[in-house]
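# Residue-level structure breakdown
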Amino acid sequence: TTLCEIIEQVMEKEPEYGIYHSTNEGFTTWYEFTTQFYEIKGVATKVKPITSAEYKKMYPQSSDRPFNSKLSIEKLHSVGIYPANYVDAVKNHLEKASEIEQETIKQELHEQKVMSYKERIEALTEKFKNDPTKLAILSNIAQELMTAEE
């Protein structure tokens, strides 16, 4: 559920006037969120958890972090609005972002008409050499193209 979808639902239901906090269902820490993000993306990495005190020591100019910054969405629940779990929302967002990246890379491949597919793939491989996600997408597209040409 996106914020826009929740706002639409609130407008449709026309509940009592007031402040309605909105966030997805569930609670997580920045550490858990980051770990889950990399797991969803299929990236094997270690994430080091740090406390707010450790973060403040590393970045003294940063604002103090609140001890608990969870938003209550009970008011949304009281009018029958139940946002998606945050993990499902992140997965959905990453799937859509991946689809957009795939289309963008396909467009770049097709825009370079004077080059062969092999030359285009080599050029894009060089362009994306520091972006493992885009390299993986390019590799999948290249395999599809080679299969289609056979």
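Residues numbered from 1 in each chain as written. Predicted model: local features only at pLDDT ≥ 70, side-chain atom pairs only at ≥ 80, totals over all residues. Heavy atoms only, no water.

Along the backbone of the protein chain there are 7 helices and 0 strands. Each helix and strand of the protein chain, placed in order from N terminus to C terminus, yields the pattern α-α-α-α-α-α-α. In terms of overall dimensions, the protein chain is more spread out than a globule: its C-alpha atoms have a radius of gyration of 22 Å, far above the 15 Å expected for 150 residues. Principal-axis analysis of the C-alpha atoms places the extent of the protein chain at approximately 60 × 45 × 25 Å. Buried residues in the protein chain amount to 18% of all 150 residues. (Helix = DSSP H or I, 4+ residues; strand = E, 2+ residues; numbered from the N terminus. Rg over C-alpha atoms; globule rule 2.2 N^0.38 Å. Buried < 20%, exposed > 50% of the residue type's maximum accessible area, 1.4 Å probe, protein only.)

Moving on to helix α6 (residues 117-127). If you check which residues of α6 are buried, you get Arg-120, Ile-121 and Leu-124. In a view along the axis of α6, the buried residues occupy a sector of 100°, so they form one face of it. (Arc of directions from axis to C-beta.)

In this structure, Ile-105, Leu-109, Ile-121, Leu-124, Phe-128, Ile-137, Leu-138, Ile-141 and Ala-142 together form the largest nonpolar core, which totals 9 residues. Looking at this core, the elements that each hand over two or more residues are α5 (86-111), α6 and α7 (132-149). Those residues in contact with Ile-105 that lie beyond four places of it in its chain are Leu-124, Phe-128, Lys-134, Ile-137, Leu-138 and Ile-141. Judged by nonpolar contacts, the second largest core, of 5 residues, contains Ile-6, Val-10, Leu-76 and Ile-81. (Core = buried A, V, L, I, M, F, W, Y, C linked by side-chain atoms within 4.5 Å. Contact = heavy atoms within 4.5 Å.)

On to the confidence of the model for the protein chain, then. Summarising the model, the protein chain shows a mean pLDDT of 86, and 92% of its residues fall at 70 or more. When pLDDT is averaged over each helix and strand of the protein chain, the minimum, 76, is found for α7 and the maximum, 94, for helix α4 (residues 74-78). (pLDDT = per-residue confidence, 0-100.)

What follows is about the pattern of salt bridges. Within this structure, the stated rule accounts for 2 salt bridges. Close ionic contact of Asp-64 with Lys-56 constitutes a salt bridge, the shortest N to O distance being 3.4 Å. The exposure class of Asp-64 is exposed, given its relative accessible area of 64%. By relative accessible area, which is 27% here, Lys-56 ends up partly exposed. Put simply, Glu-126 and Lys-129 hold a salt bridge, and the shortest N to O gap is 2.8 Å. (Salt bridge = Lys/Arg side-chain N within 4 Å of Asp/Glu carboxyl O.)

Mapping Gly-80 onto the fold places it in the loop between α4 and α5. Assessed through its relative accessible area of 37%, Gly-80 is described here as partly exposed. Residues Gly-80 and Ala-97 lie 17 residues apart in sequence; the distance between their C-alpha atoms is 29 Å.

Before going further, it helps to spend a moment on the packing of aromatic side chains. Here the distance between the centres and the angle between the planes together describe a pair of aromatic rings. Following the criterion strictly, the structure yields 3 aromatic pairs and no others. For the ring pair Tyr-55 and Tyr-59, a centre distance of 5.0 Å and an interplane angle of 45° mean the geometry is tilted. It is Lys-70 that lies over the ring of Phe-27; its NZ or CZ is 4.9 Å from the centre. (Phe/Tyr/Trp six-rings, centres within 6.5 Å; stacked < 30°, edge-to-face > 60°. Lys NZ or Arg CZ within 6 Å of the ring centre and 35° of its normal.)

Right, let's talk about the side chain of Asn-24 for a bit. The topology assignment puts Asn-24 in the loop between α1 (3-13) and α2 (30-41). We classify Asn-24 as buried; its relative accessible area is 19%.

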